[in-house]
Amino acid sequence: QKEVEQDPGPLSVPEGAIVSLNCTYSNSAFQYFMWYRQYSRKGPELLMYTYSSGNKEDGRFTAQVDKSSKYISLFIRDSQPSDSATYLCAMSGGWNYGQNFVFGPGTRLSVLP
Amino acid sequence: DTGVSQDPRHKITKRGQNVTFRCDPISEHNRLYWYRQTLGQGPEFLTYFQNEAQLEKSRLLSDRFSAERPKGSFSTLEIQRTEQGDSAMYLCASSLAGRQRGEKLFFGSGTQLSVL
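Basis of the calculations
Residues numbered from 1 in each chain as written. Chains lettered and ligands numbered in written order. Predicted model: local features only at pLDDT ≥ 70, side-chain atom pairs only at ≥ 80, totals over all residues. Heavy atoms only, no water. Phe/Tyr/Trp six-rings, centres within 6.5 Å; stacked < 30°, edge-to-face > 60°. Helix = DSSP H or I, 4+ residues; strand = E, 2+ residues; numbered from the N terminus. Buried < 20%, exposed > 50% of the residue type's maximum accessible area, 1.4 Å probe, protein only. Lys NZ or Arg CZ within 6 Å of the ring centre and 35° of its normal.

What follows deals with the packing of aromatic side chains. Counted by the stated rule, this structure contains 16 aromatic pairs over all chains. Summarising the aromatic geometry, the rings of B:Y35 and B:F45 are spaced 6.0 Å apart at their centres and angled 75 degrees between planes, so their arrangement reads as edge-to-face. Of this pair, B:Y35 sits in strand β4 (residues 31-37) while B:F45 sits in strand β5 (residues 44-50), and the two are ten residues apart along the sequence. A relative accessible area of 6% means that B:F45 is categorised as buried. Taken together through their ring pairs, the aromatic side chains of A:Y36, A:F101, A:F103, B:Y33, B:Y35, B:F45, B:Y48 and B:F107 make up a single cluster. The ring of B:F74 carries B:R22 above its face, with NZ or CZ at 3.9 Å from the centroid.

On to unusual backbone geometry, then. Here the amide bond leading from B:D7 into B:P8 is cis, since omega sits at -5 degrees, within 30 degrees of zero. Structurally, B:P8 can be placed in the loop between β1 (5-7) and β2 (10-13). Even without glycine at this site, A:S52 takes up a positive phi of about 60 degrees. Within the secondary structure, A:S52 sits in the loop between β5 (45-51) and β6 (54-58). Among the residues examined, A:S52 registers a relative accessible area of 25% and is labelled partly exposed. In this structure, B:N51 is a non-glycine residue whose phi angle is positive, near 55 degrees. Within the fold, B:N51 resides in the loop between β5 and β6 (53-57). Of the residues examined, B:N51 reaches a relative accessible area of 36% and is grouped as partly exposed.

These figures capture arrangement, not role.
Shown next, in the form of structure tokens:
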């Protein structure tokens, strides 16, 4: 079992749809949870950063963490064509955790106008 | 704050040649990471530095790979005797880490390596 699993997609939705992206993980030491957006041939860009369980909202984006289920989600409301990218989840056990960050394989999202 | 800068953006080389990549992190950041990413995969950890000290290397990292961060600022990643399997995007990231909670990782645009 991989440490972090993510549905690779691709996922295609019409403009304006609500998008749900998900990751599951196996290591209970993870405490920090991130979502990155990566456009083609670019480096990942940090979108959301959360600590422990709960929700965090930033504009059209909402991140949810359920540590009891080892499950995290990213919701995108009113999706736009400019949201078309690969979304990577990432996790960390903290500043002194070995190899700090572990990434999922990414989900490719296409938002169709 | 100009972000993380990587050079070159693209590198094409022949099998067996040596290549070197450079990364300039965000100026106040003390940690610098190297990752490798292949198509359809997330970034895979290679190594990281805290200031000038290389604290950890992936067990998967071949001896042909070496990284330095001589003055705790920029870093170089060298691949000797390149193989076609080394073709990938090489990503550099930096962070400001300490005993406070959390650590946010900021990436550069990467160096795309193609080994022919």
